[in-house]
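Summary of structural features
The residues making up each chain are set out below.
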Number of protein chains: 2
Amino acid sequence: MRPYTVGKLMSLINRIGQRELAEALKPHGIGGGGQHSYLKAILANPGMNQDKLTGEVKLDKATTTRCIQQLEDAGYVMRTVDTEDRRSYRLYPTERAIAFEPVLQSILDAYNRRLTSNLSSREVEALHALLHKVYAGLDA
Amino acid sequence: MRPYTVGKLMSLINRIGQRELAEALKPHGIGGGGQHSYLKAILANPGMNQDKLTGEVKLDKATTTRCIQQLEDAGYVMRTVDTEDRRSYRLYPTERAIAFEPVLQSILDAYNRRLTSNLSSREVEALHALLHKVYAGLDA
DNA sequence: CGCATGTGGTTGCGGATGCAACTAATCCAT
DNA sequence: ATGGATTAGTTGCATCCGCAACCACATGCG
């Protein structure tokens with residue numbers, strides 16, 4: 001009675017969800033994938049360099065380079081060379097990004113609500129805790 | 001330090017998991033992504049055409065074309081033109097695929113066990129049920 | 001019949017992402 | 001200090017995937 005495994009379900013949910021989220025962000029000039037994660041991290045922690053950011057977002061540093069490039073082109077992020085270490089950049093949100101933050105948050109909230117629209121708040125909590133455990137197991 | 005959202009957790013888990021699964025399948029000439037899903041579906045239901053298969057696996061029909069192509073090249077799948085409808089192919093597992101089935105199943109089982117290695121069997125059940133609900137909500 | 005419509009499958013294109021190789025700057029041990 | 005590791009970031013290449021345009025065959029309606 002279980003047509004799909006846990007792995008397959010996550011794969012399906014994720015693919016559908018990512019597409020919907022990308023669709024919601026597109027009108028704001030923000031591409032799909034991790035871009036919104038990067039922007040959120042920069043808003044929460046201005047001045048970070050790309051390496052730290054890569055660690056926050058848990059993607060590849062090459063992906064970081066490309067997403068930051070796109071966010072910069074879209075006018076959400078500014079990069080300045082770090083005078084302490086001229087290999088690295090310090091990343092800051094632009095005015096546009098700061099003004100956009102509440103909108104971004106509302107889009108992400110709506111997305112997470114949609115993901116869990118079939119679940120009671122107790123179930124959401126349970127799912128969250130279980131996924132945390134799963135992730136902790138993989139990370140090790 | 002804010003915790004990850006449900007959406008982000010699924011994204012993280014899925015990315016790590018897909019990579020590991022692809023790694024486990026590579027020695028057998030099976031690429032990552034949905035390829036194993038297609039092979040499993042063909043083994044379970046020989047003679048299907050690609051359209052039905054696309055529905056089973058829930059991916060795009062273009063992706064089906066490419067994955068079947070790869071499975072055929074790797075010697076796991078044979079295609080014969082359907083004499084009833086010459087537009088479509090009937091898909092069959094090769095001897096190699098049939099011999100491989102138990103191995104494939106063990107790899108997928110190991111993957112799902114690894115995903116849930118931090119969870120009790122009761123928790124696995126709960127996670128499974130919750131993901132089903134989430135998926136049902138998205139599908140609608 | 002014959003053309004319009006529908007359907008199975010393929011291909012072109014673009015986006016996302018990881019790995020590996022590379023550049024430039026920094027750090028460290030001698 | 002100086003050469004070898006290390007580190008921040010970039011780029012090339014490969015894979016995966018969806019959408020849309022397209023082709024060939026099938027079906028249905030007049």
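Preceding this paragraph is the structure being described.
Residues numbered from 1 in each chain as written. Chains lettered and ligands numbered in written order. Predicted model: local features only at pLDDT ≥ 70, side-chain atom pairs only at ≥ 80, totals over all residues. Heavy atoms only, no water.

**Concerning the protein's contact with DNA strand D**
Near DNA strand D you find 26 residues, and of these D51, K61, R66, R79 and R87 of chain A are the closest. The protein-proximal atoms of DNA strand D, defined as those within 4 Å of the protein, are 65% sugar or phosphate. In the model, a base oxygen of DNA strand D is placed 3.0 Å from a nitrogen or oxygen of the R66 of chain B side chain. Looking at the surface near DNA strand D, the elements that each hand over two or more residues are α1 (6–25), α3 (50–57) and α4 (61–73) of chain A together with α4 (61–73) of chain B. Residue classes in the surface near DNA strand D are distributed as four nonpolar, ten polar and twelve charged. (Near = heavy atom within 4 Å. Polar contact = N/O pair within 3.5 Å; in protein donor to acceptor, adjacent residues only side chain to side chain. Helix = DSSP H or I, 4+ residues; strand = E, 2+ residues; numbered from the N terminus. Nonpolar A, V, L, I, M, F, W, Y, C, P; charged D, E, K, R; others polar.)

**Let's talk about the interface of chain B and chain A**
Contacts between chain B and chain A engage 44 residues on the former and 44 residues on the latter. Buried surface at the junction of chain B and chain A, both sides included, amounts to about 4,600 Å², of which 66% is carbon and sulfur. One can count two salt bridges joining chain B with chain A. In this assembly, chain B and chain A are joined by 19 residue pairs in polar contact (both at pLDDT 80 or more). Examining the composition of the side of chain B that touches chain A, we find that 14 residues originate from one element, helix α6 (residues 121–139) of chain B, more than from any other. In terms of residue class, the side of chain B that touches chain A is built from 22 nonpolar, twelve polar and ten charged. (Contact = heavy atoms within 4.5 Å. Buried area = accessible area lost by both parts, 1.4 Å probe. Salt bridge = Lys/Arg side-chain N within 4 Å of Asp/Glu carboxyl O.)

**Considerations on helix α5 (residues 95–115) of chain A**
In this model α5 of chain A runs 30 Å from its N-terminal to its C-terminal C-alpha over 21 residues, within 8% of the 30 Å that 1.5 Å per residue would give. The largest bend in α5 of chain A comes to about 45 degrees, at E101 of chain A, with the proline P102 of chain A one to four residues further on. Burial in α5 of chain A covers these residues: A97, F100, L104, I107, L108, Y111, N112 and L115 of chain A. If you follow the buried residues of α5 of chain A, they end up packed against α1, α2 (35–44) and β2 (89–93) of chain A together with α1 (6–25) and α6 of chain B. (Expected span 1.5 Å × (residues − 1). Bend = angle between axes of the 7 residues up to and from the residue. Buried < 20%, exposed > 50% of the residue type's maximum accessible area, 1.4 Å probe, protein only.)

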